[in-house]
Every structure is written in structure tokens, then in C-alpha cells.
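# Inside the fold
Below are the chains, spelled out letter by letter.
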There are 2 protein chains.
Amino acid sequence: MAKDTRATLENLELQRFFFCPSFEIYGGTAGLYDLGPSGAAIERNLLNKWRDHFVIEEDMVEVRCSMLTPYKVLESSGHTAKFSDFMVSDTVDKMLYRADQLLELVLQKRIDESKSEEEKEKLHHDLKLVSDMNGEQLDACIEKWGIKSPNGNPLSKAVPFNLMFNTMIGPGERAIPGFLRPETAQGIFVNFPRLLDFNRGKLPFAAAQQGVAYRNEIAPRNQLVRCREFMMAEIEHFCDPLELDNVPKFETVKDLKISLFSSAQQAIDGAEAVEMTLEEAVNNKVICHKTLAYFVGRTYLFMVHIGIDPKRLRFRQHRDNEKAHYARDCWDAEIYLESMRSWLECTGIADRQAFDLTRHGQVTAKKGEQYNTQFVVNVTLPEPIVTVKVQIQPIKSVVGRLFKADAKAINTALEEYPEAEAEEVLKRFTEAEALLGGKPAKGKEKAAIDALSEADRAKFNELTTIEVAGKKLDYTMVTVAKTETKTNTRSFIPTVIEPSFGVGRIITALLEHSFYLRPDGQRRVLRLKPFIAPYSVVLLRISAKLVPENVHNDVRKELRRHRIVHICDDSSITIGRKYARTDEIGIPFAITLDGDTVTDGTVTLRERDTTNQIRLPIKDAIREVKHMINEEETWESVSARYPSVQPPADAE
Amino acid sequence: MAKDTRATLENLELQRFFFCPSFEIYGGTAGLYDLGPSGAAIERNLLNKWRDHFVIEEDMVEVRCSMLTPYKVLESSGHTAKFSDFMVSDTVDKMLYRADQLLELVLQKRIDESKSEEEKEKLHHDLKLVSDMNGEQLDACIEKWGIKSPNGNPLSKAVPFNLMFNTMIGPGERAIPGFLRPETAQGIFVNFPRLLDFNRGKLPFAAAQQGVAYRNEIAPRNQLVRCREFMMAEIEHFCDPLELDNVPKFETVKDLKISLFSSAQQAIDGAEAVEMTLEEAVNNKVICHKTLAYFVGRTYLFMVHIGIDPKRLRFRQHRDNEKAHYARDCWDAEIYLESMRSWLECTGIADRQAFDLTRHGQVTAKKGEQYNTQFVVNVTLPEPIVTVKVQIQPIKSVVGRLFKADAKAINTALEEYPEAEAEEVLKRFTEAEALLGGKPAKGKEKAAIDALSEADRAKFNELTTIEVAGKKLDYTMVTVAKTETKTNTRSFIPTVIEPSFGVGRIITALLEHSFYLRPDGQRRVLRLKPFIAPYSVVLLRISAKLVPENVHNDVRKELRRHRIVHICDDSSITIGRKYARTDEIGIPFAITLDGDTVTDGTVTLRERDTTNQIRLPIKDAIREVKHMINEEETWESVSARYPSVQPPADAE
């Protein structure tokens, strides 16, 4: 996309009110955007398709949780401590910059301008490290390269800045500190016990949430790309950590060939993403398990389905240093934007392990418990696990009578008797019982021992005397036996796989991938799929005189009845200009009523990208449009069945 | 609804996770609620129906605006100054109370307990005034009745508490103060210029927005009824203040008979709401104009359509003292809740006049302008307004030459010459010209005057001499003539009619109006309409052995293809218990697969409220369910067409 094409698209987005800076008449507020009618409709259609693709198709449950979040919840999740970026300020004019962004900008500029290959290489080396640097490393880099603010002034040291918006919840002295949620995920995590119950205690299951989250970005930029308030669609898939490779549905995605850019590849200079099937990726351990790979596949299918160009879509693995504090592994769906000349992270698919559930489970545990048991899942084992153990048990009546106050200490010591020594004791007891000719009947032990020869009795006593808690116990005071215990359940805190979608970024990419100019180089078109387009149909009349109000209204009523969202354009401009101004907001179909409509009930139906037109009864037109919105038909298949017509002279 | 029935419903709502206190495992946070799967689905369905009923049906535009709002915007709208409640605190334990709520509670209790009719009457008198009291009046009332805190301690003076959550937008020293929006309306108002442009400059038009708003309630209560974070659906209808009674669509609602409780009725002790048609209401000036009445009608239709009992729905006019700072008039849709034994405000329909647009227009005006012209609408008049004016104009060359430095003052005085006197001058000039035998040709004036007789010339000079700015001017120095000016446009700031829906409250009312127990007094049912129910269908199998996985999956695929949201219940409980647990979350239809399904493709379809079942091919079942969701069929019409079947013995 040429630079001026990008400018044309940006103009279009503002002109036709897809979105605009919030509070624009007040000069705007950085990082805040409002969605106008077309933008809001596209977002809504995208979120509905996301719901179909993920929630409905995968039997997820969907929730809507509070955005206001008390301090202690985000303290548990690690956000109060770790959710920050480094910023530097111009020490003279006090302007603030995100340190990594500023450094990347300056280093890239120096590379472009440098004449020395050696220096270029050094700059390039540091540039690659910037996004992973901590505060001290950033400071060192600024000093090393003598970096100044864009206004030429010295920079302050890099300081971490927490990205959460804070507020007080409740009135006066009883107010508690809180934040606007930085992600929708925590609302799902804290509801895990209720959600597990809703799912009748079974794993795996997933909960989804669409909603707004907030990050007080130091340097918001690129409109919907880096906002302070942004729409997300998140899934938290809860599963058994031992079942991460047990994913029957993986079969449905395993043959997808996807461009994967692993952290290993990223470490190799000049290396690029590699295309492979998800099956290969799992087999070669590029992606660590099938659950993660499954969501990579589903995300790929979603992106391509809504209209993202698969050639400009890749999945990039996070390097160790860039991973969020909770992530074991993470793959970003990245979309290439020619306008930004870079890959834009649009979705993160993270293995958050049991991090969040464990933290919430620990913090909300009852006194004396390690975890809040509501966060622990118990599964029945296919076969019980049998543990065999030698136990030395006191004959309590005897021990009690003989040792009185010491009996308790003896009992405790026996309970804690080391496994290996107990085995030894069992061996000696068995040897001793052999002297008796086998284990005597209950109550007959003393008589049997007394019946032994003196030598044997000495030997017997030596074999069967054990020292416990400083006391000597003999054969009449304890029993030694092997016991079996069966375990029927296994307990664990679930692993969470989180596909998290940045909706504004996806819309940005989708608009760019959908935008083109007609061959005249002037007329702008958005090639949006019918189910994404803000309106499905524009309804036109050749003239209001030829098509009376009631005919027009009947058609509108039918469109509404079929839930086909449409607009009318009854202005007095040419039909060609009407097409142009609906093409540019992506409306796929135009239905035009004319004199013949009144007499024979037929209309013309025009498709946006081909600009072809067919003639058909209005009922058919509505039905076919509906089929095309529902993807049960294509324009190709529909238009083949009806006579094509020439557009009016002033139309195309 | 009996008290224990209410308790049963509340149990159900929590048990089946319609909603729960947010951050429940952390002890909850007052005023914040999360919607679980069923609650979120009901809300979504309700919002979609709202969109159909208002946005689509009325060709509104829909937007999604930022929730973070800078201080200056809410300063313009009056919220920083006026958006507050009075609170009092217990001077000992520091507990906080909303003053009006506490007083109402205490006064009602005293009324219930008082033995003196005279005292009862006095208490009752004050009770009625509480909600309209200012701080001083509240203090006086507390003193008069010796009211203490619920814990028996003295109360502080009433102090206003602003209900907006505040935060800082942006990092460090460059941060600006902001709030979480207290209503979604302002986002629409500040975008008025773009929205007007999107609508090609035409009025009336309406913009709608669904979204969350925030009020830092002093005393949140009754779950979704008074929350700190709550879902709204708002419409801002912009119209010409002279066209408020020009509403062609009023015809479609004028005959609706609606229960109206005007402020005049409320002033009469013991008076109640009166049923009347909207036409009567407008004709009798009960409702001030047709635009407001139209939205009362549309709101009534919406409420009844979604399942609110019309007998428990009324519209109450705000009394003068309770109106918001921006409102000229306001009617609340109130729904009666037996559980609360009171009417609950669920929707406000306010005439906000031009208040907000005027304020934003003033604050953002360019220097030297009264308003930001983007907020001013110009309409073409059907016929231009012609203004006729007598103008006395100096013949500048003559006046300049004769009066030199005084010429400017003369010119100014002539411009400001009083209308009535100018008319008089014209009359005298015409009389004088008659002496000349009509107006002389240009340049011939002097000659014509000189030709008069002395007496006539004296008379002529007397008639045509005027004194301006202390100087005497004669016929040769000025022209006097009638001029016509035409005005083609009229300029104004639009009036805004705002129907504003509290979604959580409507859901609360809807659940109560939909809840009942089966005759056994045990089994709980939610009589939700199919398009509101969280799931449309529960899919059951008599046994997994009889109905293989692929048959089951094919049915599920078909349901999904038709976008019929369903759940499966394959647990091992009886089918009767399965019905019971789907009835109680309002699922209207059960489709059961059995052995015959595999051989002949038929299933049983059960309806929730009748518990009747019919046998029909699976394809028909899906089609009929879809028709019933879309309200193109009813269970009555569908079940008449298929054989009914007896439920299994353990089913009902």
C-alpha cells in the first residue's frame, strides 16, 4: 500500500465516520477513539462472527464481568507490581516518551543515516535488544549512543510507569482503591468456581468475554492500534495439565499450513517465519502442545474467514524476555500492515499455566489451607493408584497402660516411622514369627513366646524389640503389617490457555486489507465481506415519482423482517455517485427499484466488487442477499442464475 | 409474589449463575455484579431486540464512544457541579448513608410503629418530601425527628457527594483529570457535528448507544437495581424545536392505552395513574408534545414485547424538584416489583431541550463567536420570510463633502434610524414629492425644487428636512425608500429527546415477571420468550447408546447452521430432572433424540410452559423452532400441525 493510498484510507475512515478522536470538538484526548456508525457496525459484526466461530462452535460459556476491579484482585494477579512500561522524560520541556519506542526510533534513524558499516552493525545489534531491556539497560543504551529527546534535550533516567488507571470505589472514608481492568481475563478467573459448577465440574471448558479494557499508555499511537481504552475478546480455556495433548478436535486443524516464526528462528539473524502444518509444528515441538496449536489453528481460520489476507498473517512466538509475567509460552497472530511497514500483534495465544488460578486460590485460601479448594479440580482416575506401605501400629490399650503420659509421643513417632526402617522391622518380625511357627492367633502371642527355648526367646526378643521415642517396645505392644491404600482421584489447579484478541487492531488490519481503488485511481472501495460490512444493502430508487412511497416501504419492511440491515439513499445525486459513496463504506449490495418494480415486482441487484447487476424479483433478491450474508451462496453462484443487466449510463 | 417466592428466585439467580457479586471469592465489592452465562445471554438478547425495535426500525445510527471522559467535557455538561447525592455519616462508626434513603426508611418505620394518627400524618407529610429535599432541609428533618444512624449514633450534616469515578488520563505530569462517564449520552452529544454530517445534514435523526456507565453510589442495593457499573441503552433524538408535534409515525402509537401518572396527579393525595390513549394525553397536554409521546409509546411496546406485564407498567412524570439539571420534562417507565413492593424506574424519557448541545457549543466556540457553529442547524424555510423596511440612505458624496468630519456620525445615525420614524419620513417625502408632481428623475431634483412656488418650496423643505446627529439634512442629501429582505434559512440548536434504558433493572423486572412455580410448588420456571431465553434449545438423548455420536453431532451442526443457540445435557439424571433444570433457566424448547431418530429421522419437541410434546422430523423441528424464535409462529400454531406424544414416564 503506497503512502498516499494509506492517507486516502485514513481520510476515508474519518470522513465517513468509521471512527474519530473522542471529544474531538474539545481538541481530542490522546488514546481515546469513538466508533461512528460504520465503525461500530463493523465491530459488532466482527464480534458476532467471533462469537459464532469460538463461543457457539466450541460450546464455550460467555460472561460479562465488571471493569472496575479492586486493588487486591490485581495485586494477586501481579498487575500492581509488574504491569508497567519504562518511560523517559525530556528534562527541559517535560515531554514524556516510552523509552523503548524512542530508542527504536532513534537507533533506526542512525542506522539509516550512518555511513560506517561497522557502526550500522553495532546499532542494529542494540536495536534488536531494546524491546527486552530493563530500566538500567535502557539507561545504559541512552548513554552509550548519546540519545537526546526529539527536541534535542537530555533525557531523564528510565522509570517504570504502571499502566493501570486507578480510582476509588465507594464514598468518603469507606472507599477502597481500585483500577479499571487491564484485561478482561481476571473477571473470568475469579469466577472460575462458579463457571466450573455451571459446567457440572467437567474439564476442559472455556469461558469467553468480549469487552473493553484499559491501559494508560505513555504514548498512544496509530489510532485504534494503541489506545487507552480498547475492545478485547478473550477466551480462557481451562484444562487438565496432563491432557494438553489430548485434543480430539486437533484433527480438524492439523493440516493447516501456517507461517510460524518461532523464538529459535528469531534468534537467527535474517531468518524468517517458516510455513508448516500444525501437525508438523507439534511433532517437531515448535508449538509445545496440541491445545495451544489448536487455538493457533482456530485463530488462523477466524482471521482468514473475516477477510485478513493469509499471506500477510503469521504467528510469532514470544521470546523469553518479552513474555508476560504469567506466560509459559505465547504465540502472537501478527498481521502485516504495509502502511506501517511492520507486523502488528493482533491476537496473543498464551499458555498462562495455572498462574492466575493459583494466585487467586492462595490469596483467598481459608486459614490453614494452602489453596482455596474451589480452585482445585478433582478428577476420577481411570484406575485407582494403589500404594503399599508398611505400617507399625501401636496396640493402643497396651501402650497406654504401660507408657501412660508417653503413649502420645510413641503413637506420633510410630505414625512418622520412616518407610525404609519399617520395611526392615517387618522383615525382622516375620523372621521372629518363623521361630513361633508362624503368626500366633490373636491373644495367644504371649503363650507362644513363652513356649520358646531360652535362646530362641532371646533371639525373638532381639528381633522384635524396637525403640520408639526413647522407649523400648516389644512384640506384644505393636502390630506390623503391609497396608494398601487406593487413590481414586487426582487433584490439580487447571492450566489456562488464553487466546486474546485486540479488536481495534484487527479492524485496522481488516480495513487496510480490504481497501482498494477502482481502475480510475479515484473511487475508493472496501472489499468487506457481507457479514462484516456495516450495512448489507443500499436501497435506491430511480426516482421517487416512479416508485411510490408504499412500494418503497414494503421493500424496507421485508428487509427488516429478514434482519437485513440497510440504508436508503434518496438524495438527488447520480446513481453512480450513490454507488461510489456506498462502495467506500463497504456495502456489498445495491437494490434499485424502478418503474418496472411497480408493475412486475422485479429489481436490479448490484454487487460492489464486480459492479455487475442482475434483474430478479424482489423476493428473490432479498432471499439471495440473505444467503450471501450467511455464506450459503456467493455472488458467482447467484448471478449465474439470473439475467444480467447493463447499469444505467451514469452508474459506473 | 410472596416473600419466599422472591427468595426462591434470588436463590435461582445465584445458583444458576445468572449473576453474582463481582470478586465474590474476595468477599465481593459493593455495587458490582458479574453476569454469568445465562445472565449475559439474556442481556445480549435483550440488547439485540432493543436494537431491532429502536435502531433498525427507526433508522437510527449507532455509535460506541469512550467511557473515559475528560473533566472539561463533564464540566460543560454540568455533571461536575450537579451530579451528586447527599450523604450523612454515623459520627461514631463512620458508616455512610444516602441521606434520603435513610430518612425514608426511618420515617416509614415510625409511621408503622406510631400509635398517634396525628403524628402519623405529620410523618407521612415529611416522608413525601424527602426525595426532593436539599442539604439544609435534610438536616432540618433529621433534627426535627431526632433521627439517629441505624447503630444508634448521631448523624453528621448532609454533604453532597459527586457520584462520578475520577481518574487521571495519561502519564506523569502530563496527565489530565477525567471521569468514567455517568451516562452514555455525552459521547453522542460531542459527536453531534459528525453525526449530523453522516445524516447528510437532515433533522430529525437519532443516535443510539449501548454501553456501560458508572455511578459511585453511596449505598448500592438490590443487586442489578442500583449498581456502580451498569449497562445502559440510550437514544438521543435530535429535532427541530418547532417540529416537536410534527411526527407522522405518531399515528402508529396514538391509540395505545397507557397508564400515565402525571406530576399533577402525584400532587393529589391518594391519586393514582390514569389510563388513557397517547392521543388523549397529547390533546389534553398531559404529555407536552408528540415526539415525547411517541417515545413513550415505543417504549411501552418494547417493554410489553419482551415480556413485561403491561398491568405492572406505568409511566410517571417527574415532579419539578426531581428533574435532572438538563430536563424540561421527563417521563419514567416504571415497573411494579412485588418483591420490592414498589415501582422501579427502568427507563427515563427526557426532553433535554437544547441544554447539552448549547453548552458544548458555547464552550467550544471560536473566539468572538457565541456558539461553535457546528452545533447550529440551518434549515431551508418552505417560503422565504420577507422583511420590508424603510431605509434612509445618505447620498454619500454629498454628505461627505458638506459635513466632512461629521459624515461618519450621520451615516451611523441613519443606519440606526428608528423604524417608526423612518416610516414617517417616507410619508412626508412622498407628500413633498407630490408637490413636484412625482419623484423627479435622477440629477433633476434641484431643478424641480427650484421650479416650485415659494410657498410650496417652503412647504417642501419643511417636509423633507430631517435632523440627524444634530445636523439638518435635506432632500438632496438622502434617499428614502422601502427595501425588502428575504431570509431563506432558519438557524437553531436542536432539541434532544432522550429515552434512556437501565438494562439491569429491566432484566431484574423481566425475571420477576417471568418466574413461576409448577403446581407442585417446587419446580421453578422462567417464562422467558424464545428470543430472550439464554438458550433456545436443550438437546437431549434418551441414551447415548441408542443415538450414536455422529447423529447427535449432525443435529448440533444443523442447529448451529441456523444460529439456534443450544446446550446438550448428556448427564445420567432422569429426563424429568433435565427438563426441570432447563425450565428454571428459561430454555423454551427441548429436542429429544431416541432410537427412532436413527431410523426415521424424527424427534420429540417439548415446550416449556405447556410441557406438551410433539413428534416431527428433525428438519421440521429446527425450522419450527427458528420460526418461533423469530416470532413468525407460536407453539399453539406449530403444535396443532404435528401429532402430540406422551412424555416418558419419568419426565413431567
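Residues numbered from 1 in each chain as written. Chains lettered and ligands numbered in written order. Predicted model: local features only at pLDDT ≥ 70, side-chain atom pairs only at ≥ 80, totals over all residues. Heavy atoms only, no water.

### Some remarks on the pattern of salt bridges
In total, this model carries 110 salt bridges over all chains according to the counting rule given. When the shortest N-O distance is used, the salt bridge between Arg 64 of chain A and Glu 43 of chain B registers 2.6 Å. Note that Arg 64 of chain A is positioned in the loop between strand 3 (61-62) and strand 4 (68-70) and Glu 43 of chain B in helix 2 (residues 37-56), a pairing that runs across two chains. A salt bridge links Glu 58 of chain B to Lys 249 of chain B, with the nearest nitrogen and oxygen atoms 3.2 Å apart. Taken together, the residues Glu 58 of chain B in the loop between helix 2 and strand 3 (61-62) and Lys 249 of chain B in the loop between strand 11 (229-239) and strand 12 (257-261) connect sequence positions 191 residues apart. Judged by its relative accessible area of 36%, Lys 249 of chain B is partly exposed. What emerges from the salt-bridge pattern is a single network uniting Asp 132, Arg 314, Arg 316, Arg 319, Glu 322 and Glu 334 of chain A. (Salt bridge = Lys/Arg side-chain N within 4 Å of Asp/Glu carboxyl O. Helix = DSSP H or I, 4+ residues; strand = E, 2+ residues; numbered from the N terminus. Buried < 20%, exposed > 50% of the residue type's maximum accessible area, 1.4 Å probe, protein only.)

### Side note on the interface of chain B and chain A
The partner chain A presents 91 residues to the 91 residues of chain B that form the contact. Of the roughly 7,700 Å² buried where chain B meets chain A, counting both sides, 55% is carbon and sulfur surface. The interface formed by chain B and chain A contains 18 salt bridges. Among the ionic pairs, Glu 62 of chain B bridges to Arg 44 of chain A, the shortest N-O distance being 3.3 Å. Sort the elements by how many residues they give to the side of chain B that touches chain A and helix 2 of chain B lands first, with nine residues. By residue class, the composition of the side of chain B that touches chain A is 42 nonpolar, 20 polar and 29 charged. (Contact = heavy atoms within 4.5 Å. Buried area = accessible area lost by both parts, 1.4 Å probe. Nonpolar A, V, L, I, M, F, W, Y, C, P; charged D, E, K, R; others polar.)

### Some remarks on the nonpolar core
Ranked by size, the top nonpolar core spans 275 residues in total, and within it Met 303 and Phe 315 of chain A together with Met 303, Phe 315 and Ile 591 of chain B carry the most contacts. Sequence-distant contacts of Ile 591 of chain B, defined by excluding residues within four places in its chain, comprise Val 537, Val 538, Leu 539, Leu 540, Leu 559, Val 603, Thr 604, Leu 605, Ile 618 and Ala 621 of chain B. (Core = buried A, V, L, I, M, F, W, Y, C linked by side-chain atoms within 4.5 Å.)

### Quick look at the sheet that holds strand 8 (residues 166-169) of chain B
Residues and elements named next belong to chain B. Read across the open sheet, the three strands follow the order 4-9-8; overall the sheet is antiparallel. Strands at the two margins of the open sheet, each flanked by one partner only, are strand 4 (68-70) and strand 8. Adjacent strand axes in the sheet meet at a mean angle of 45° when their direction is disregarded. Alignment of strand 4 against strand 9 (residues 176-180), held across three bridges, turns out to be antiparallel. Pairing of Pro 70 across the sheet is with Gly 178, part of strand 9. (Pairing = 2+ DSSP bridges. Axes fitted to C-alpha atoms, helices over the stretch in contact; angles between N-to-C directions.)

### A word on the sheet that holds strand 7 (residues 159-162) of chain A
Residue and element names in this part refer to chain A. What the three strands build is an open sheet, ordered 6-5-7; its pairing is antiparallel. Looking along the sheet, the strands with just one partner apiece sit at the ends: strand 6 (96-98) and strand 7. When strand polarity is set aside, the average angle formed by the axes of neighbouring strands in this sheet is 50°. Sheet analysis places strand 5 (residues 84-89) next to strand 6, joined by three bridges and oriented antiparallel. Along strand 6, the bridge assignment pairs Met 87 with Arg 98. Along the sheet, helix 5 (residues 99-113) makes contact with strand 5 and strand 6, crossing strand 6 at roughly 80°.

### Considering the UniProt feature "domain: Aminoacyl-transfer RNA synthetases class-II family profile" (unreviewed entry) in chain A
The UniProt record marks residues 164-519 of chain A with the feature "domain: Aminoacyl-transfer RNA synthetases class-II family profile" (unreviewed entry), using the residue numbering of this structure. Secondary structure across residues 164-519 of chain A divides into 32% helix and 32% strand, with the first and last C-alpha atoms of the span separated by 47 Å. (UniProt positions renumbered as here; feature names shortened; annotations may be inferred.)

### Description of the relation of the copies chain B and chain A
Structural alignment of chain B on chain A gives an RMSD of 0.7 Å, achieved by rotating through 179° and translating 0.0 Å along the axis. On the angle and the small slide along the axis, the relation comes out as a two-fold axis. Relative to the rotation axis, the C-alpha of Thr 167 of chain B is the closest in chain B, positioned 2.3 Å from it. Most of the interface of chain B is mirrored in chain A, where 100% of its interface residues again form contacts. (Least-squares fit on C-alpha atoms with pLDDT ≥ 70 in both.)

### Considerations on the packing of helix 16 (residues 419-435) of chain B against helix 18 (residues 454-464) of chain B
Residue and element names in this part refer to chain B. Interhelical geometry of helix 16 versus helix 18 gives an angle of 160° and a closest axis separation of 8 Å. It follows from the interaxial angle that helix 16 and helix 18 lie roughly antiparallel. Seen from above, helix 16 lies across helix 18 with left-handed handedness. Contact residues: Arg 428, Phe 429, Glu 431, Ala 432, Glu 433 and Leu 435 in helix 16; Asp 456, Lys 459, Phe 460, Glu 462, Leu 463 and Thr 464 in helix 18. When grouped by side-chain class, the residues that make up the contact of helix 16 with helix 18 number five nonpolar, one polar and six charged. (Parallel < 35°, antiparallel > 145°, perpendicular 65-115°, else oblique. Left-handed = near helix turned anticlockwise from the far one by under 90°.)

### Here's the deal with helix 7 (residues 135-144) of chain A
Residue and element names in this part refer to chain A. All of the buried residues along helix 7 are Gly 135, Leu 138, Asp 139, Cys 141 and Ile 142. Along the axis of helix 7, the buried residues cluster in a sector spanning 160°; they form a single face. Away from the buried face of helix 7 by more than 90 degrees, exposed residues Glu 136, Glu 143 and Lys 144 are located. Residues of helix 7 that are buried sit in contact with strand 5, helix 5 and helix 6 (117-129). A side-chain oxygen of the first residue of helix 7 lies 3.2 Å from the backbone nitrogen of Glu 136; this N-cap is Asn 134. (Arc of directions from axis to C-beta. Polar contact = N/O pair within 3.5 Å; in protein donor to acceptor, adjacent residues only side chain to side chain.)

### Re a negative patch on the surface
Taken together, the side chains of Glu 419, Glu 421, Glu 423 and Glu 424 of chain A present a region of like negative charge at the surface. With respect to the helices and strands, the residue Glu 424 of chain A is situated in helix 16 (residues 419-435). (Patch = residues over 30% accessible without salt bridge, like charges linked within 9 Å, V, L, I, M, F, W, Y side chains within 5 Å. Areas by Shrake-Rupley, 256 points an atom, 1.4 Å probe, with all protein chains shown as cover. Lys, Arg positive; Asp, Glu negative; His and termini not counted. Charge placed at Lys NZ, Arg CZ, Asp CG, Glu CD.)

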